[in-house]
Amino acid sequence: MSAFSAAKILSPPPFVARFASEKSLCPFLSSPSVPALTRSALRSIRLLRTPLAVSSDVVIGQKPLASSSSATQNEDVDREVALVLYEDMVLGRFFEDMCAQMYYRGKMFGFVHLYNGQEAVSTGFIKLLEARDCVVSTYRDHVHALSKGVAARAVMAELFGKTTGCCRGQGGSMHMFSSTHNLLGGFAFIGEGIPVATGAAFSSKYRHEVLKESNPNGLDVTVAFFGDGTCNNGQFFECLNMAQLWKLPIVFVVENNLWAIGMSHVRATSDPEIWKKGPAFGMPGYHVDGMDVLKVREVAIEAIARARRGDGPTLVECETYRFRGHSLADPDELRKPDEKAHYAARDPIAALKSYILEKNLATESELKVIEEKIDNLIEDAVEFADSSPHPPRSQLLENVFVDPKGFGIGPDGKYRCEDPKFTEGTAQV
Amino acid sequence: MAMALRALGRRISHSDRFFSSLSEAAKPPSDGKLINLFTAINQALHIALDTDPRSYVFGEDVRFGGVFRCTTGLTDKFGRDRVFNTPLCEQGIIGFAIGLAAMGNRAIAEIQFADYIYPAFDQIVNEAAKFRYRSGNEFNCGGLTVRSPYGAVGHGGHYHSQSPESFFCHVPGLKVVIPRSPRQAKGLLLSCIRDPNPVIFFEPKLLYRLSVEEVPEDDYMLPLSEAEVIRQGSDITLIGWGAQLSILEQACDAAAKEGISCELIDLKTLIPWDKETVESSVRKTGKLLISHEAPVTGGFGAEISASIVERCFLRLEAPIARVCGLDTPFPLVYEQFYLPTMNKILDAIKATVKY
């Protein structure tokens, strides 16, 4: 039995279509072909109907349908795609395992939040994005960074606090940024990333429509990842409204792993079905099995295509699970063992592996080769991070303002930031 | 027992205002057990909920005990109606707490880390602080107490180490209280909860396990807005609060070896702060040094400095020194360079004394 007891809340009969045809149902879309009267009539019909969405098989007992173009579920992926997905998930998993090892050896410190178990969500979405698309994440951001293309070396060095890290050692585990890969950060504070992502999406739409810097393939898409706890935060709702109001090219991805440190999602939320909050604001809401990378990918293809076309935002709720505690300091005593066992049996990597072998897309030994390659990559990343230098002390004052001289001129007429006594803090200012 | 008597002796020896305020402070505290800070706070919360049936404790993750274990056992004893988890929305938590307080309840809200208090800043500044004032005393949210762990912890980084106390000190209508040790914390927290004004209680998270002291098991309160002279001296006055006091004590010891006698004051309540005690101390020594973890510019040390200059200008023999955090966001790796360490304070003590 799934711990996701929202299964009891959903009303039968199972629904089959997805909330797709916004043009006819969404009253906010200004479509000249639909007169106002019809729109309000349609609106009242829409309000009477239960909002539709794709469901995971855990919730309903049905396999999901993701896109109107392909009626079949789990559309077969070809070998190339499958191997890319496999490699990315293995990279995420092995990297996080190595993080745990390094943490217990004292090489990294602070608050480290690992992503084990949720790889399908990151891989499923981010592997569909291009370099120009933005990703905004939370404090559980190592794997998002890796999927987006940030080198494992850079991420590991950042975790160790070295200058060669992606943020020069100033960000740490929870603040991975990369301008080359358009990774707009890790955010320690929940919900803070969502408005930032909304702004980035606006910028993309503005460049496309006003500045006419069009890309023939469509708008740059922003994907914002956040958790179930964040969905009770005001910033989330504010951004759903703004994104739909301005039809921004953004995908809101909820990584619902059922727990916010020690608070169970079901006990903290009046309506635990987060996908429903999308239609409440006028955008489609999807619920997908976040432990199955192929299902996530199907939904992601549709959501990202929607955004790229300019049709506006989508809310996707991925039911997933973190195998480890909230952070490496969390003893993880509150979650029941059978819940953990249930999800451990649905390990996304194992699922993809058995899919690949079943469909004969690759042999066991080829997968082994991939795993060894990743092993070596991670070992190399650790060595690189180990041998990198710590940031020099002068870096402490850098990047507060654009101009480090923003600290002003001291009594001796020199720039205060150049005064060695300044860093000592004997503030005879 | 000896420790308790010594503590009592210290209290009697300074300001007689102690006796005119709460009489509990004058009774010798009964022998307590050695406990740490989070246990003391836990005891205070138990007593507060015991003595007032309309008091509530809530916040993120408080039901299982909280991420720092300050709320262990409360749900089991008082039930889920009085001790409950809130969703992750600081603005909502504090706004909701203000509403509870306005209807005559004691709302003890927890903000999981002081770094996360900013979404609630609007509610605290615009609503809690001004409730009594703008309703002409029709309503008030005096029953509001906001508890939050603050301060550097060694590995916290940008968002688990901040000291935002000075933002709240700028708001008339609020009280800000910071304890330095378990015994202080229990007494001060009970005073804050029972004080008929909204109070923000910052707990130094570094000391949750590290600071251990004998704490009486009974219900006792320590007066607010009274600073305490922890150590008598004659050469220079040092002021601090919270975890910084242990650093200041180390600096005092080191300075004593060099023949400088330091007077150490724990401010305890930041607003309204005890100007008289500080002024009388500065009149004795003629020099002042203030130390806090928050960045120096605009930190609360600036207010203390300006007020003391106004009151003691002719008595001061040296500029007032502030040894505080640097004017940067709280850094990740270079915490030890950012913080006001013992060496920095010692340097400043010597520079001030030799001015």
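Residues numbered from 1 in each chain as written. Chains lettered and ligands numbered in written order. Predicted model: local features only at pLDDT ≥ 70, side-chain atom pairs only at ≥ 80, totals over all residues. Heavy atoms only, no water.

In the nomenclature of an unreviewed UniProt entry, chain A corresponds to Pyruvate dehydrogenase E1 component subunit alpha from the organism Zingiber officinale. Here chain A is described in UniProt, under the heading Subunit (unreviewed entry), as follows: "Tetramer of 2 alpha and 2 beta subunits." (UniProt positions renumbered as here; feature names shortened; annotations may be inferred.)

**Observations regarding the layout of surface pockets**
All names here are of chain B. Estimates place the volume of the second largest pocket at around 870 Å³. Those elements that place two or more of their residues in the lining of the second largest pocket are α8 (165-169) and β13 (288-295). A per-element tally of the lining of the second largest pocket places β13 first, with three residues. (1 Å grid on protein atoms, 1.4 Å probe; cavity = no way out; pocket = protein on both sides within 12 Å on 5 of 7 lines; lining within 4 Å. Points joined across faces, edges and corners; volume = space filled by probe spheres on them. Helix = DSSP H or I, 4+ residues; strand = E, 2+ residues; numbered from the N terminus.)

**Topic: the UniProt feature "domain: Dehydrogenase E1 component" (unreviewed entry) in chain A**
Cross-referencing UniProt, the feature "domain: Dehydrogenase E1 component" (unreviewed entry) maps to residues 88-391 of chain A in the present numbering. Overall, residues 88-391 of chain A shows 46% helix and 10% strand. The separation of its end C-alpha atoms is 30 Å.

**Some points on the interface of chain B and chain A**
Many authors give the size of an interface as the accessible area that is lost as the parts come together. Of the residues lining the interface, 39 residues belong to chain B; the matching set on chain A comes to 41 residues. Taken together, chain B and chain A are joined by five residue pairs in polar contact (both at pLDDT 80 or more). Counting residues per element, the ones that place at least two in the side of chain B that touches chain A are β14 (321-325), α14 (335-338) and α15 (342-353) of chain B. A total of four residues in the side of chain B that touches chain A trace back to one element, the largest contributor, which is β14 of chain B. A per-class count over the side of chain B that touches chain A returns 21 nonpolar, eight polar and 10 charged. (Contact = heavy atoms within 4.5 Å. Polar contact = N/O pair within 3.5 Å; in protein donor to acceptor, adjacent residues only side chain to side chain. Nonpolar A, V, L, I, M, F, W, Y, C, P; charged D, E, K, R; others polar.)

**Some remarks on a negative patch on the surface**
Side chains of Glu372, Asp375, Glu379 and Glu383 of chain A sit close together on the surface and give a patch of like negative charge. Judged by its relative accessible area of 49%, glutamate 372 of chain A falls in the partly exposed class. (Patch = residues over 30% accessible without salt bridge, like charges linked within 9 Å, V, L, I, M, F, W, Y side chains within 5 Å. Areas by Shrake-Rupley, 256 points an atom, 1.4 Å probe, with all protein chains shown as cover. Salt bridge = Lys/Arg side-chain N within 4 Å of Asp/Glu carboxyl O. Lys, Arg positive; Asp, Glu negative; His and termini not counted. Charge placed at Lys NZ, Arg CZ, Asp CG, Glu CD. Buried < 20%, exposed > 50% of the residue type's maximum accessible area, 1.4 Å probe, protein only.)

**Here we look at the packing of helix α8 (residues 193-209) of chain A against helix α9 (residues 234-245) of chain A**
Residue and element names in this part refer to chain A. Between α8 and α9, the shortest axis-to-axis distance is 8 Å and the interhelical angle comes to 15°. In this view, α8 runs roughly parallel relative to α9, as classed from their interaxial angle. Between α8 and α9 lies a crossing whose hand is left-handed. When α8 is examined against α9, the residues Ile194, Pro195 and Thr198 are found in contact with a partner set consisting of Gln235, Phe236, Cys239, Met242 and Ala243. Across the contact of α8 with α9, the residue classes tally to six nonpolar, two polar and no charged. (Axes fitted to C-alpha atoms, helices over the stretch in contact; angles between N-to-C directions. Parallel < 35°, antiparallel > 145°, perpendicular 65-115°, else oblique. Left-handed = near helix turned anticlockwise from the far one by under 90°.)

**A word on the sheet that holds strand β1 (residues 134-136) of chain A**
All names here are of chain A. If you trace the five strands from one edge of the open sheet to the other, you get β1-β2-β3-β7-β6, paired in parallel fashion. The sheet terminates laterally at β1 and β6 (285-289), the two strands that pair on one side only. For this sheet the average axis-to-axis angle between neighbouring strands, irrespective of direction, equals 20°. Bridging between strand β3 (residues 250-256) and strand β7 (residues 314-319) involves six bridges; their strand directions are parallel. (Pairing = 2+ DSSP bridges.)

**Thoughts on the sheet that holds strand β7 (residues 199-204) of chain B**
All names here are of chain B. One open sheet accounts for seven strands, arranged β3-β2-β4-β5-β7-β6-β12; its pairing is mixed. Of all the strands in the sheet, the pair left with one neighbour each is β3 (83-85) and β12 (269-271). Pairwise comparison of adjacent strand axes, ignoring direction, gives a mean angle of 20° for this sheet. Relative to β7, strand β6 (residues 175-177) is paired through three bridges, and the arrangement is parallel. By the bridge assignment, valine 177 is partnered in β7 with phenylalanine 201.

**Re the side chain of glutamine 112 of chain B**
Looking at the secondary structure, you find glutamine 112 of chain B in the loop between β4 (106-110) and α6 (118-128). Side-chain polar atoms of glutamine 112 of chain B contact the side chain of aspartate 61 of chain B, separated by 3.1 Å.

**Considerations on the pairing of β14 of chain B**
Residues and elements named next belong to chain B. The buried fraction of β14 is high, at five of five residues. With five bridges connecting them, β13 and β14 associate as parallel partners. When the bridges of β14 are listed, leucine 289 appears paired with alanine 321.

**Observations concerning unusual backbone geometry**
With an omega of -15°, the peptide bond between isoleucine 271 of chain B and proline 272 of chain B qualifies as cis. You will see that leucine 258 of chain A, though not glycine, has its phi angle at about 70°, which is positive. In this structure, leucine 258 of chain A sits in the loop between β3 and β4 (259-260). Of note in the backbone geometry, asparagine 137 of chain B takes a positive phi value of approximately 70° without being a glycine. Along the chain, asparagine 137 of chain B falls in the loop between α7 (131-134) and β5 (144-150).

**Here we look at the nonpolar core**
Nonpolar side chains tend to gather and get buried jointly when the protein is soluble and globular. Grouped together as the largest cluster of nonpolar side chains are 68 residues, with contacts concentrated most on Phe125 and Met156 of chain A. Among the elements that take part in this core, helix α4 (residues 79-104) of chain A stands out by supplying 13 residues, more than any other. Apart from residues lying up to four places away in sequence, phenylalanine 125 of chain A is in contact with Val223, Phe225, Val251, Val253, Val296, Ala300, Ile304, Val316 and Cys318 of chain A. With 55 residues, the next largest nonpolar core counts Leu174, Val176, Leu288 and Leu316 of chain B among its residues. (Core = buried A, V, L, I, M, F, W, Y, C linked by side-chain atoms within 4.5 Å.)

**Examining the confidence of the model for chain B**
All names here are of chain B. Residues with a pLDDT of 70 or more make up 92% of chain B, whose mean pLDDT is 90. Below pLDDT 50 for its whole length, residues 2-28 participates in 25 contacts with residues either more than four positions away or in separate chains. Both confidence scores are given for the complex: pTM 0.81, ipTM 0.81. (pLDDT = per-residue confidence, 0-100.)

**Some remarks on empty space enclosed by the protein**
Under the defined criterion, the tally for this structure stands at seven cavities of 30 Å³ or more. The calculated volume of the largest cavity comes to roughly 120 Å³. Taken together, 17 residues make up the lining of the largest cavity; nearest its centre are Gly171, Gly172, Ser173 and Met174 of chain A together with Leu332 of chain B. Counted by class, the lining of the largest cavity contains six nonpolar, 10 polar and one charged residues.

**Here's the deal with the side chain of lysine 205 of chain B**
Residue and element names in this part refer to chain B. The topology assignment puts lysine 205 in the loop between β7 and α10 (207-210). Buried charge without a salt bridge: lysine 205, with aspartate 115 as the nearest opposite-charge side chain at an N-O distance of 4.5 Å. Of the polar contacts made by the side chain of lysine 205, one reaches the backbone oxygen of glycine 151; its length is 2.7 Å. In contact with lysine 205, not counting residues within four places along its chain, are Phe68, Phe113, Asp115, Pro149, Tyr150, Gly151, Val153, His160 and Ser161.

**Focus on the environment of isoleucine 304 of chain A**
Tracing the backbone shows isoleucine 304 of chain A in helix α12 (residues 293-309). If sequence neighbours within four positions are ignored, isoleucine 304 of chain A has contacts with Phe125, Leu128, Leu129, Val221 and Val251 of chain A.

**A word on the pattern of salt bridges**
Counted according to the given criterion, the structure contains 45 salt bridges over all chains. Here aspartate 271 of chain A makes a salt bridge to lysine 276 of chain A, at a shortest N to O gap of 3.3 Å. Note on lysine 276 of chain A: relative accessible area 23%, which makes it partly exposed. Aspartate 266 of chain B serves as the salt-bridge partner of arginine 180 of chain B, at 2.7 Å between the closest nitrogen and oxygen. With a gap of 86 residues between them, arginine 180 of chain B in the loop between β6 and α9 (182-194) and aspartate 266 of chain B in strand β11 (residues 262-266) connect regions that are remote in the sequence. Here arginine 180 of chain B matches aspartate 266 of chain B in class, with each residue buried.

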